[in-house]
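Structural description and commentary
Each chain, letter by letter, is given below.
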Amino acid sequence: MTAHTENGAARRSGRRRPRAALALGALVAVAVALFGAGIAAHGTGELHIPAAGTTTLLRVAVFAALALHIGELAGARLAGPGRTPRSWAVWAALGGAAASAGQIVLLARISDLDLTATYGTRDGGLLLTMANGFALAAGCAALGRPGWAVAPLALAVGAEALRAHPEPYTPELGTALTIVHLTAASLWAGGLLHVLRTTRLRGGGRDVLARYARLAGWLYVALAVTGTCSALRRLPAEVVFATAYGRVLIVKLLVVAVASVLAVVARRRLRRGGDATAPARTELAVLAGAVVVSAVLTVVPDPHWLSVHSAVLR
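A brief structural summary.

Parameters and conventions
Residues numbered from 1 in each chain as written. Predicted model: local features only at pLDDT ≥ 70, side-chain atom pairs only at ≥ 80, totals over all residues. Heavy atoms only, no water. Helix = DSSP H or I, 4+ residues; strand = E, 2+ residues; numbered from the N terminus. Rg over C-alpha atoms; globule rule 2.2 N^0.38 Å. Buried < 20%, exposed > 50% of the residue type's maximum accessible area, 1.4 Å probe, protein only. Contact = heavy atoms within 4.5 Å. Polar contact = N/O pair within 3.5 Å; in protein donor to acceptor, adjacent residues only side chain to side chain. 1 Å grid on protein atoms, 1.4 Å probe; cavity = no way out; pocket = protein on both sides within 12 Å on 5 of 7 lines; lining within 4 Å. Points joined across faces, edges and corners; volume = space filled by probe spheres on them. Nonpolar A, V, L, I, M, F, W, Y, C, P; charged D, E, K, R; others polar. Core = buried A, V, L, I, M, F, W, Y, C linked by side-chain atoms within 4.5 Å. Salt bridge = Lys/Arg side-chain N within 4 Å of Asp/Glu carboxyl O.

The next point concerns the overall build of the protein. Counting secondary structure elements, the protein contains 11 helices and 0 strands. In sequence order, the secondary structure elements of the protein are arranged as α-α-α-α-α-α-α-α-α-α-α. Against the 2.2 N^0.38 benchmark of 20 Å for 314 residues, the protein shows a C-alpha radius of gyration of 21 Å, consistent with a compact globule. Of all 314 residues assigned to the protein, the portion counted as buried reaches 42%. Contacts in the protein between residues at least 24 apart in sequence constitute 75% of all its contacts with a sequence separation of at least 6.

Structure follows, in structure tokens:
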């Protein structure tokens, strides 16, 4: 009886540890979302962004929704036939729609406009497009037609890319880079989550992880190329450390570098026939952090204004 009791206590303790780590990680993520933009902008002299913390939280929800839904679509194809985990697509898409709608309400409050007038603004119209895209994707998933959700999800990604680049200079290039970057990031994080859920359900699945690893290599190349091009276009070299955008970008690069190392470790274990789930789970946790930092990056001011202002002063 004593040994049985001790084993039961050990199992309960083992279950509590991941839950405690998950709760702690969630608290840290919320704190970064709420205060990250303000901390990054401290001492830069940049304009204050109204409701930056709330906006960042809503944008985290949008990016998470894209990752969950797009990643599930790709992960299901990678997993092939067999037992599949319960779909999260409907709830993910509904969450993305709610977060997009929440940004419309927040924009209306900040701008002191009614909702109808807010829809008429550039950002309001794009956010409404995103909300509708997510809602349509949720409907496709609910009807048992997951493949149909590709088009409305592409609409949401395109609207987000347009929203992120209100620039007067070559906005088409910036939009195209963001579409590729956001899609690749969603496939990397969301696809890994779905693959790990599948392997856990099937009690193995090295082949599934191996197929995902091959895809992840190409995704990393796409992310590196588009991220570098976007950074060179938007961030003048002379203000890298003097702007919130530059500071947050450096943090994002460090987080992605850690995730990349973990991905390499997991791939090596796969090649040697070992268990790669542990580094893959850690990689997923780090990628979740990258999602939060990316959301902060979309909220901080565009760094070009400081570069132009400095040039005028000189």
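Along the chain, Thr55 falls in helix α2 (residues 52-79). Residue Thr55 is classed as buried on the basis of its relative accessible area of 16%. In terms of polar contacts, Thr55 uses its side chain to reach the backbone carbonyl oxygen of Ala51, at 2.8 Å. Residues within four places of Thr55 in sequence aside, it is in contact with Pro50, Leu106 and Val299.

Our next topic: empty space enclosed by the protein. Gaps between atoms show up when a probe of the same size as a water molecule is rolled over them. This structure, assessed with the given rule, holds 1 cavity of 30 Å³ or more. Considered as a void within the structure, the largest cavity measures approximately 40 Å³ in volume. Along its surface, the largest cavity is lined by Ala67, Leu68, Glu72, Trp88, Gly190, Leu193, His194 and Arg197. Of all the elements, helix α7 (residues 171-202) adds the most residues to the lining of the largest cavity, at 4 residues. A per-class count over the lining of the largest cavity returns 4 nonpolar, 2 polar and 2 charged.

This part takes up the nonpolar core. Counting residues in each nonpolar core, the largest one holds 56 residues, and the members touching the most others are Val62, Leu66, Phe134, Leu153, Trp188, Leu192 and Tyr212. Looking at this core, the elements with two or more residues in it are α2, α3 (89-111), α5 (122-142), α6 (150-163), α7, α8 (206-234), α9 (244-271) and α10 (277-299). Once residues within four sequence positions are removed from consideration, Trp188 is found in contact with Tyr212, Leu219, Tyr220, Leu223, Val256, Ala259, Ser260, Glu283 and Leu287. Counting 15 residues, the second-largest nonpolar core is a separate cluster that includes Ala40, Ala231, Val248 and Leu249.

What follows covers the pattern of salt bridges. Applying the stated criterion to the full structure yields 5 salt bridges. With a closest N to O distance of 3.1 Å, Glu160 and Arg163 form a salt bridge. Separated by 3 residues within a single helix, Glu160 and Arg163 lie in helix α6, roughly one turn from each other. In this structure Glu160 comes out as buried when scored by relative accessible area, which is 2%. Between Arg234 and Asp302 there is a salt bridge, and its shortest N-O distance comes to 3.2 Å. Highlighted residues: Arg234 in helix α8 and Asp302 in the loop between α10 and α11 (304-313), separated in sequence by 68 residues.

Looking at where Pro85 falls in the secondary structure, it is placed in the loop between α2 and α3. Overall, the relative accessible area of 13% leaves Pro85 in the buried class. Sequence separation between Pro85 and Pro171 is 86 residues; the distance between their C-alpha atoms is 40 Å. Setting aside anything within four residues of it in sequence, one finds Pro85 in contact with His194, Arg197, Thr198 and Leu201.

Moving on to the side chain of Glu160. A distance of 2.4 Å separates polar atoms of two side chains, one belonging to Glu160 and the other to Arg59. If we skip the residues at most four places from it in the chain, Glu160 touches Arg59, Phe63, Met130 and Leu182.

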